[in-house]
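Structure assessment
Now for the letters of each chain:
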Amino acid sequence: MYIIIFGAPGVGKGTQAKILTSRLDIPHVSTGDILRDAAARKTELGLKAKAIMDAGELVPDDVMIGIIRDTLNQERCAKGFILDGFPRNINQAAVIDKLFTELRIEKIVILALEADDEEIVSRLTNRRACKECGQIFSIREIEEISNCPNCNATGSFYQRNDDKEDVIRRRLAIFHSSTKPVLDYFEGKRVILHIDGLKPVDAVSEQILEKLNNLNF
Ligand SMILES: [Zn+2]
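To keep things clear, this report deals only with the structure shown in the data block.

What counts and what doesn't
Residues numbered from 1 in each chain as written. Predicted model: local features only at pLDDT ≥ 70, side-chain atom pairs only at ≥ 80, totals over all residues. Helix = DSSP H or I, 4+ residues; strand = E, 2+ residues; numbered from the N terminus. Rg over C-alpha atoms; globule rule 2.2 N^0.38 Å. Buried ≥ 20, exposed ≤ 12 C-beta atoms within 10 Å, placed from the backbone. Contact = placed C-beta atoms within 7 Å. Pairing = 2+ DSSP bridges. Axes fitted to C-alpha atoms, helices over the stretch in contact; angles between N-to-C directions. Parallel < 35°, antiparallel > 145°, perpendicular 65-115°, else oblique. Left-handed = near helix turned anticlockwise from the far one by under 90°. Nonpolar A, V, L, I, M, F, W, Y, C, P; charged D, E, K, R; others polar.

**Considerations on the overall build of the protein chain**
- When its secondary structure is counted, the protein chain shows 10 helices and eight strands.
- Relative to the 2.2 N^0.38 estimate, which gives 17 Å for 217 residues, the radius of gyration of the protein chain is 19 Å and therefore close to what a compact globule would have.
- Dimensions along the principal axes, computed over C-alpha positions, put the protein chain at roughly 55 × 45 × 35 Å.
- When the 217 residues of the protein chain are sorted by exposure, 24% land in the buried category.
- Here the contacts in the protein chain between residues at least 6 apart in sequence split such that 70% fall between residues at least 24 apart.

Dropping the structure here:
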């Protein structure tokens, strides 16, 4: 089963992808990881992507889709994958849809994790990270303690730049203008499962697994 995990920044895509990868026994393919992997293996596209990223530019769609194609051809993706981080706009949606058609991949599911913007803002602005180990906590988890529960460092919690309200709101605005239309692109063409992303992590996973089970693939 080929899953595209889709949703606003901060909705918990990475967390759910990690859970699904062990429950479904298919790999979590994040665009960041496969770009780094291709660069490390010095494939032609990997080296090209690395040069572009080192120059501080965005990897163009044709390079990215080439790297996704190479990944799909790897043995570990023989039974499927959970793609995280692509497509981010309707051009990329059209490109990957064409690739699926070309490779005769039909069992494609778009998992749309849904959450209210204000809830995402409140969740993320309530996070703090440990300066020493990087572990992330909610303010509630650390309000009465001074040492990090993970590494025991003292008084080292801070708010990451990515968790600041103006940064989150900017990313949400880009999501709504560029990325959200991807769902309209796939509507009626591919299977889209709408998931309530606001429930606790385990409840979201159960909801996803139940809906995947009910698909008659
Ligand atoms: Zn720590």
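Here the narrative resumes.
**Here's the deal with the sheet that holds strand S6 (residues 136-138)**
- Taken in spatial order, the three strands make up an open sheet running S6-S5-S7, and their pairing is antiparallel. Looking at strand neighbours, the two that pair on one side only are S6 and strand S7 (157-158), the edges of this open sheet.
- Summarising the sheet, strand S5 (residues 127-130) and S7 pair through two bridges and their orientation is antiparallel. What sits directly across from cysteine 130, in S7, is phenylalanine 157.

**Remarks on the sheet that holds strand S2 (residues 28-30)**
- Within the open sheet, the five strands sit side by side as S2-S3-S1-S4-S8. Their pairing is parallel. Strands with a single pairing partner mark the edges of an open sheet, and in this sheet they are S2 and strand S8 (191-196). Ignoring strand direction, the axes of neighbouring strands in this sheet form an average angle of 25°.
- Here strand S1 (residues 2-7) pairs with strand S4 (residues 108-114) via six bridges, running parallel. Counted as the bridge partner of isoleucine 5 is leucine 111 from S4.
- In the packing of helix H10 (residues 201-213) onto the sheet, the strands contacted are S4 and S8, and the crossing angle to S8 comes to about 155°.

**Quick word on the environment of glutamine 92**
- Along the polypeptide, glutamine 92 turns up in helix H5 (residues 90-102).
- Taking the C-alpha atoms as reference, glutamine 92 lies 9.8 Å from proline 60; in sequence the two are 32 residues apart.
- Among residues more than four places away in sequence, those in contact with glutamine 92 are Asp61, Phe86 and Pro87.

**Focus on unusual backbone geometry**
- Cis geometry marks the peptide bond from phenylalanine 86 to proline 87, where omega comes out at 0°.
- Residue placement: proline 87 occurs in the loop between strand S3 (81-84) and H5.
- Within the chain, aspartate 25 stands out as a residue other than glycine whose phi angle is a positive 60°.
- Mapped onto the elements, aspartate 25 comes out in the loop between helix H1 (13-24) and S2.
- Phi at lysine 42 is positive, roughly 55°, even though this residue is not glycine.
- Tracing the backbone through its elements, the reader meets lysine 42 in the loop between helix H2 (31-40) and helix H3 (44-54).

**Focus: the packing of H1 against H10**
- With their axes 10 Å apart at the nearest point, H1 and H10 run at an angle of 55° to one another. When the interaxial angle is binned, H1 and H10 end up oblique. In this structure, the crossing between H1 and H10 has a hand that is right-handed. Along its contact with H1, which presents Thr15, Gln16, Ile19, Leu20 and Arg23, the element H10 presents Val201, Val204, Ser205, Ile208 and Leu209.
- Of the residues that constitute the contact of H1 with H10, the class distribution is six nonpolar, three polar and one charged.

**Topic: the pairing of S4**
- Burial runs high along S4: five of the seven residues are buried.
- Pairing geometry for S4 and S8, over six bridges, is parallel. Directly across from isoleucine 110, in S8, lies its bridge partner isoleucine 192.

**Considerations on the packing of helix H6 (residues 117-125) against helix H8 (residues 165-179)**
- Between H6 and H8, the shortest axis-to-axis distance is 10 Å and the interhelical angle comes to 145°. As H6 runs across H8, the sense of the crossing is right-handed. Each of Asp117, Ile120, Val121, Leu124 and Thr125 in H6 lies in contact with H8, whose residues at this interface are Glu165, Ile168, Arg169 and Leu172.
- Residues of the contact of H6 with H8, tallied by class, amount to five nonpolar, one polar and three charged.

Function cannot be inferred from these measures alone, as they are strictly geometric.
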